[in-house]
Amino acid sequence: MRFNVGYRAMSDWIDIQYWERCSEMARPGIVFEIRNAEGESMLAPCTEAVPSAPFDWKSGPLQFRAVVEPKAEHSNPIPKPKEAED
């Protein structure tokens, strides 16, 4: 998932070279915001390797920080098809 909005940060930005230490900060309800040099960001759980950057990022991951996982948003139901008029 890719986001370009702020989140409730639980830590300062950390250089991506220390990603393997994300497990020390991993807790239920905590995910990691990863950003690149252009300021684009994405959320990811702590994994063994740094998650792959989205295909449209012009630069790779630069820093990460722990953030509170955003609450799921409920989407509106898909409207029923309109009846064809004769």
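Notes on the structure in this doc start here. (Residues numbered from 1 in each chain as written. Predicted model: local features only at pLDDT ≥ 70, side-chain atom pairs only at ≥ 80, totals over all residues. Heavy atoms only, no water.)

1. A word on the state of the cysteines
Put simply, the rule reads: Disulfide: a pair of cysteine sulfur atoms within 2.5 Å of each other. What counts as a helix is a DSSP run of H or I of at least four residues, what counts as a strand is a run of E of at least two, and both are numbered from the N terminus. Relative accessible area decides the class of each residue, using a 1.4 Å probe on protein chains only: under 20% of the type maximum gives buried, over 50% gives exposed, and in between gives partly exposed.
One pass over the full model with this rule turns up one disulfide. Paired by a disulfide, C22 and C46 hold their sulfur atoms 2.0 Å apart. Its S-S torsion of about 75 degrees marks the bond between C22 and C46 as right-handed, since a negative value means left-handed. Of the two residues, C22 is situated in helix α1 (residues 22–25) and C46 in the loop between β4 (41–44) and β5 (61–68); the sequence distance between them amounts to 24 residues. Residue classification places C46 among the partly exposed positions, given a relative accessible area of 26%.

2. Comments concerning the packing of aromatic side chains
Inclusion rule: Ring geometry is summarised as follows: Phe, Tyr and Trp rings, the Trp one being its six-membered ring, pair when their centres sit within 6.5 Å, and such pairs are stacked at plane angles under 30 degrees, edge-to-face over 60 and tilted between the two. The rule for a charge over a ring is simple: NZ of Lys or CZ of Arg within 6 Å of the ring centre, and within 35 degrees of the ring normal.
Taken as a whole and judged by the stated rule, the model has three aromatic pairs. When the centroid spacing of 5.0 Å and the interplanar angle of 75 degrees are considered together, the rings of W19 and F64 count as edge-to-face. With W19 in the loop between β2 (14–15) and α1 and F64 in strand β5, this pair connects stretches of sequence that are 45 residues apart. Like F64, W19 is buried. The interplanar angle of 65 degrees and the centroid separation of 6.1 Å between the aromatic rings of F32 and F64 together place this pair among those described as edge-to-face. Residue F32 is found in strand β3 (residues 30–36), and its partner F64 is found in strand β5; the two are separated by 32 residues along the sequence. By the ring-pair criterion, three or more aromatic residues cluster together here, those being W19, F32 and F64. Of note, R35 hangs over the ring of W13, and the distance from its end group to the ring centre comes to 3.8 Å.

3. Remarks on the side chain of N36
Where we set the bar: Polar contacts, as used here, are pairs of N or O atoms within 3.5 Å; protein pairs need one atom able to donate a hydrogen and one able to accept it. Residues neighboring in sequence count only if both atoms are side-chain atoms. Whether two residues are in contact is decided by their heavy atoms, any of which lying within 4.5 Å being enough.
Relative to the helices and strands, N36 resides in strand β3. Assessed through its relative accessible area of 3%, N36 is described here as buried. At 3.1 Å, the side chain of N36 and the backbone nitrogen of E38 are in polar contact. Ignoring sequence-local partners within four residues, the contact set of N36 consists of W57, K58, S59, G60 and L62.

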